[in-house]
Amino acid sequence: MKKIRVIISLVFFLSIIILYLDLSFSLQQEYSVYPLFLQFIPSFLKFISIGTIAGIGFIIVMLLTFLFGRAYCSSICPLGTFQDIATYLRMKKKRIKFLYREEHKKTRYGFLAAAVILFIFGISFGLNILDPYSNFGRIISNLLRPATIGINNSIAFALESINIYSIYPLEFKGINIAGFIFSFLFLGLILWMSIKHGRLYCNSVCPVGTLLGFISKYSLFTIKISDINCSGCGACGKVCKSSCIDTEDEIIDYSRCVLCFNCFTVCPSSGLEYKFRYSRDMKTVIEPVNINKRNFLIQSAVWFTGGSLALKAQEKILVYKENKIPETREYAVSPPGSLSIENFTDHCTACHLCVAACPTQVLQPSFLEYGLLGILQPRMDYIKSFCNYDCTACTDVCPSGAILPQNGETKKLIQLGKASFIKDNCIVYSQGTDCGACAEHCPTKAVRMVLDPQVNKNAPLIDEEICVGCGACEFACPTIPYKAIYVKSNPVHLAAKLPKQEALEQPDPEEEFPF
Amino acid sequence: MRRREFFKKSIQAGVAAGAYLKYGDKLNLFANPKTAPEEIYDLVAVKGGEPETMFDLGINSLGGIKNFVKPNQTVVVKPNIGWDTSPERAANTNPKLVNRIVKQCFDAGAKDVYVFDHTCDNWTKCYSNSGIEKAAKDAGAKVVPGHTESYYHKVDVKQGERLKDAKVHELILESDVFINVPVLKSHGGAGVTISMKNLMGIVWDRGFWHRNDLHQCIADYATLKQPDLNIVDAYLVMKRNGPRGVSKDDVVTMKSQIISTDIVAADAAAAKLFGREPENVDYIKYAHNMNVGTMDLSSLKINRIML
C-alpha cells in the first residue's frame with residue numbers, strides 16, 4: 001500500500017515541479033491540466049468561476065475521500081509530498097518518534113471557518129494564504145525557479161566562453177521581493193513543522209486537510225487496528241506523522257490520518273488492516289460535542305473576517321511619485337482573460353503557475369497593487385516587460401479559473417487598459433528630437449507617430465478603441481525616471497476593436513531604379 | 001582576461017578586414033581571374049528575382065562572397081529579427097536570403113557563421129516565428145541569443161557627438177567578418193529603417209539612443225563599426241506602420257535588393273527605393289556629413305541588374 005502511495009505522490013509531485021521549472025516554456029500550456037485538475041482549492045474556485053466539468057476535480061477529491069479517506073493529502077497534494085520528503089530525510093539522519101497527540105481542534109476548524117467565511121464575503125485571501133497547492137507553487141516559482149535559472153545561466157555562460165551557444169541564459173527580471181519573502185518564510189515554517197511535528201500543518205492549519213478530514217471520519221474504507229492480531233507494541237504510533245494513532249486505547253483519529261501507510265510497514269504482527277468501515281471488529285473515535293468549541297469557532301471567524309474587511313476597505317491605492325508629472329495608476333492591470341480585477345482577485349489562489357509560464361515575465365506577484373488582501377496575486381508589470389500580442393500562456397495554465405482560457409483571436413479583443421500619454425514627459429516635446437519607441441512596439445498601431453506641426457516632429461497619437469493595453473509602449477518608453485506613455489488599467493476589461501486597414505497598391509514590377 | 005582577449009582579437013580582425021576591403025578586390029582579381037568582374041562597383045541594385053537569386057547575382061558582380069569571407073574566418077550575419085511576426089509581414093529580414101548568405105559564407109570556407117539579433121519582442125518567439133532560426137540553422141549557421149546584457153561589452157565611440165560609448169554584442173567584436181542584412185521598412189521614429197538603423201540590434205542600451213537624439217546616435221554609431229558588407233532586403237517592403245506593422249496589408253512586393261560595402265550609400269539607395277530622399281532622412285544626412293560614407297549616389301559606380 002505504501003509503495004503505491006509513494007509512486008502516485010511522486011508522479012504528482014514531480015510533474016508539478018517540472019511544470020513550474022520548465023525553462024523552455026513548452027510544457028505548461030499543454031500539460032498543466034493533468035496534475036492540476038485534482039488540486040482542491042484551484043479546482044473549487046474554477047468550478048465557481050466557470051461551472052463546467054473542467055472544475056469538478058474537487059468534487060472527485062471529496063468522493064475519493066468519502067470512499068478511501070484522505071488519500072489526497074498523501075498523494076495528490078504536492079505540499080503533502082514535500083513534507084513527507086522532509087520528514088523522511090530527517091528520519092534517515094536521526095530517528096524521531098511521533099507520539100499520539102490530541103487534535104488541535106480549535107485551531108484547525110478556526111482556520112477553515114475563517115477561510116470559508118472570508119470567501120463568502122468575496123475575499124479569497126484566506127484560501128490563498130493557506131491553500132497547500134498554491135503555497136507549494138509559490139515556493140517553486142519564487143525560490144526554486146530563480147535558482148534553476150541561475151544554474152542554467154551559469155552553465156550557459158561557461159559554454160559560451162568556448163563558443164557553444166546551444167544552451168542559452170534565461171532573461172531574469174529579478175527576484176520579486178514580496179513573493180520571495182512570503183515563500184521563504186512559508187518554506188521555513190513548513191520545514192520546521194514537518195521535521196518536528198510531521199503533518200502538523202495539514203492537521204491544524206490547512207483548510208483542505210480539515211475539510212477532507214471531516215469527510216474522512218465517515219469514509220467507507222479505513223485503516224483499522226485488528227483486535228486479534230495487534231500485539232499492542234505501539235510501533236505504529238511512533239511512526240505516525242499525523243500523531244493520530246492512540247496506541248493505548250487502540251483508537252485512530254481518522255480526521256487526521258492522511259493514509260500514508262507508514263504504520264503498515266512497521267507493524268510486526270499484521271495488526272493493521274485497510275478495509276471496509278462497517279465490517280465488524282471496529283473501534284471508532286467517539287466524539288463529545290463541546291459547546292465552548294463552537295463558540296470559539298464563531299468568535300475566531302468573526303474576528304478574522306472583521307479584520308480582513310477593514311483591510312479590504314483601504315485597498316484602492318494611488319501610486320503618487322515625486323516627479324514633475326507622475327503616472328497616475330489607479331488600479332493594477334490584471335491578466336488577459338481575468339475579466340475584471342474583482343473576478344481575478346476572487347478566484348486567484350496566487351499559485352504563480354502563470355508567473356512561471358509567462359514567456360515575457362510581464363506577470364509578476366503583486367505587493368499592494370491589488371490591496372493588502374490581494375498580496376501575491378499576479379499583475380501585469382509593464383516596467384519589467386510587456387504582454388506578447390499573440391501569446392495565451394497564462395490563460396491556458398490557470399488551474400483556478402481566475403484567468404479563463406483564450407485563443408489567439410479572442411485574446412486580441414481584450415482591452416486590459418488604455419495607453420495614456422503625458423505630453424510633457426515625452427522626448428519629442430522635452431528634447432525636440434525624434435523617438436517613436438512606443439509606436440514602434442505597439443502591435444495594433446493604437447499608438448502612431450503623427451506629425452505635430454507645432455514642433456514639426458512626429459509625435460505619439462493614441463487611438464484608444466484599438467488599444468489592448470499590452471504595455472509594449474510603456475515598457476519601450478525610454479524616459480526616466482517616469483514614463484511619457486503608460487497603461488491606465490481597466491478594472492473591468494473592455495472589448496478592443498481590431499485595427500482596420502486597406503491593402504496598399506502594389507508597385508509596378510517593371511519600374512526602373514529611382515537612382 | 002576574456003574581454004582583453006577579444007578586444008585584441010577584434011583589433012586584429014579589424015585591421016585584417018580593413019586590409020581586405022582596401023586591397024581585397026585587387027588581390028582577388030589576381031587570384032581568381034575567371035570569377036572577377038569586369039568593373040569594380042561601389043553598389044549593386046538587383047530587381048525582379050527571388051531573394052536568393054538576387055543575392056547570388058548581386059554578390060557575383062562584387063567579385064563573389066570570396067572577396068569578403070576568407071577560408072577559416074568566422075562570420076557574423078546580422079539580420080533584422082526584431083519582431084514576433086511571420087515572414088510575409090516583412091517586419092524581419094527574409095529567411096530565404098539569410099539562408100543563402102550563410103550557405104555562401106560556408107562555400108567560401110568560413111569556419112563558423114553566427115546569426116543573432118537583439119530583438120524587441122520575446123527573442124525565442126522572434127527567432128522561430130520569423131523563420132530565420134530554421135533557415136539559418138538549415139544552412140549550418142549557429143543561431144545565438146542576444147537578449148542578456150552579459151553578451152555585450154563596452155566600446156568607446158570616439159567620433160560620436162551624442163553617443164560616447166555603447167555596449168556591443170561580443171560576436172560583432174570577435175568575428176572576422178560582419179555582414180549586415182537589414183530589411184527595408186517604414187519606421188515610426190526614424191522614418192525609414194535600413195542598414196545603419198539595423199545596427200541598433202547589436203547594442204544593448206537602445207533607450208539611451210532614443211533619449212539622446214535618435215538620428216544623431218544612429219549616425220554616431222556608424223562611425224565606429226562598419227559592417228564588411230550591407231545587404232538590404234527589399235523583396236517585401238513594409239510601407240507603413242513600421243517597424244512592427246499591423247498586418248500583411250502594410251506590405252508591398254518590390255522584389256529588390258541592394259548590396260554595398262558603403263553603409264551610407266546602401267541606405268541612400270534603399271531610401272530612394274522606398275520613396276524618401278536620403279537628405280530628408282536625418283541619420284543618413286548626418287552620417288554623410290561625418291564622412292561615414294556617401295549618400296551622393298551620382299558619385300558611385302552602381303551596377304543595376306533588372307531580371
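Residues numbered from 1 in each chain as written. Chains lettered and ligands numbered in written order. Predicted model: local features only at pLDDT ≥ 70, side-chain atom pairs only at ≥ 80, totals over all residues.

**Here we look at the overall build of chain A**
A tally of helices and strands in chain A yields 23 helices and 10 strands. Dimensions along the principal axes, computed over C-alpha positions, put chain A at roughly 105 × 60 × 40 Å. A burial count over chain A gives 48% of its 515 residues as buried. Pairs at least 24 residues apart make up 75% of the contacts formed inside chain A by residues separated by at least 6 positions. (Helix = DSSP H or I, 4+ residues; strand = E, 2+ residues; numbered from the N terminus. Buried ≥ 20, exposed ≤ 12 C-beta atoms within 10 Å, placed from the backbone. Contact = placed C-beta atoms within 7 Å.)

**Things to note about unusual backbone geometry**
One can expect most non-glycine residues to show negative phi and most peptide bonds to be in trans. Residue A:Pro481 is reached from A:Ile480 by a cis peptide bond, and omega for that bond is -5°. Structurally, A:Pro481 can be placed in the loop between helix H23 (472-476) and strand E10 (485-495). Within the chain, A:Asn163 stands out as a residue other than glycine whose phi angle is a positive 60°. Structurally, the position occupied by A:Asn163 is in the loop between helix H10 (132-160) and helix H11 (177-197). On the basis of neighbour counts, which here come to 14 C-beta atoms within 10 Å, the residue A:Asn163 falls in the partly exposed class. We note that B:Asn72 has phi near 75°; this positive angle belongs to a residue other than glycine. Within the secondary structure, B:Asn72 sits in the loop between helix H2 (51-61) and strand E2 (74-79).

**With respect to the pairing of strand E1 (residues 221-225) of chain A**
Residues and elements named next belong to chain A. The buried fraction of E1 is high, at 4 of 5 residues. Of the strand pairs in this sheet, E1 and strand E4 (residues 272-276) are connected by 5 bridges, and their pairing is antiparallel. Counted as the bridge partner of isoleucine 225 is leucine 272 from E4. (Pairing = 2+ DSSP bridges.)

**A closer look at the interface of chain B and chain A**
For an interface, size is often stated in terms of accessible area lost upon the parts coming together. Taken together, the contact between chain B and chain A spans 41 residues of the former and 37 residues of the latter. When residues of the side of chain B that touches chain A are traced back to their parent elements, those giving at least two are strand E1 (43-47), helix H8 (206-211), helix H9 (214-222), strand E11 (251-260), helix H10 (263-274) and strand E12 (302-306) of chain B. If you tally residues by element for the side of chain B that touches chain A, the top one is E11(B), at 4 residues. Across the side of chain B that touches chain A, the residue classes break down as 14 nonpolar, 13 polar and 14 charged. (Nonpolar A, V, L, I, M, F, W, Y, C, P; charged D, E, K, R; others polar.)

**Quick look at H9(B)**
Residues and elements named next belong to chain B. Summarising burial for H9: 9 of the 9 residues are buried, a large majority. Buried within H9 are the following residues: Leu214, His215, Gln216, Cys217, Ile218, Ala219, Asp220, Tyr221 and Ala222. Buried residues in H9 make contact with strand E6 (165-169), helix H7 (195-198), H8, H10 and helix H11 (282-289).

**Examining the environment of B:Glu161**
Residues and elements named next belong to chain B. Tracing the backbone shows glutamate 161 in the loop between strand E5 (152-156) and E6. Sequence spacing of glutamate 161 and aspartate 220 is 59 residues, and the spatial spacing of their C-alpha atoms is 6.4 Å. Setting aside residues no more than four positions away along its own chain, glutamate 161 makes contact with Gln216 and Asp220.

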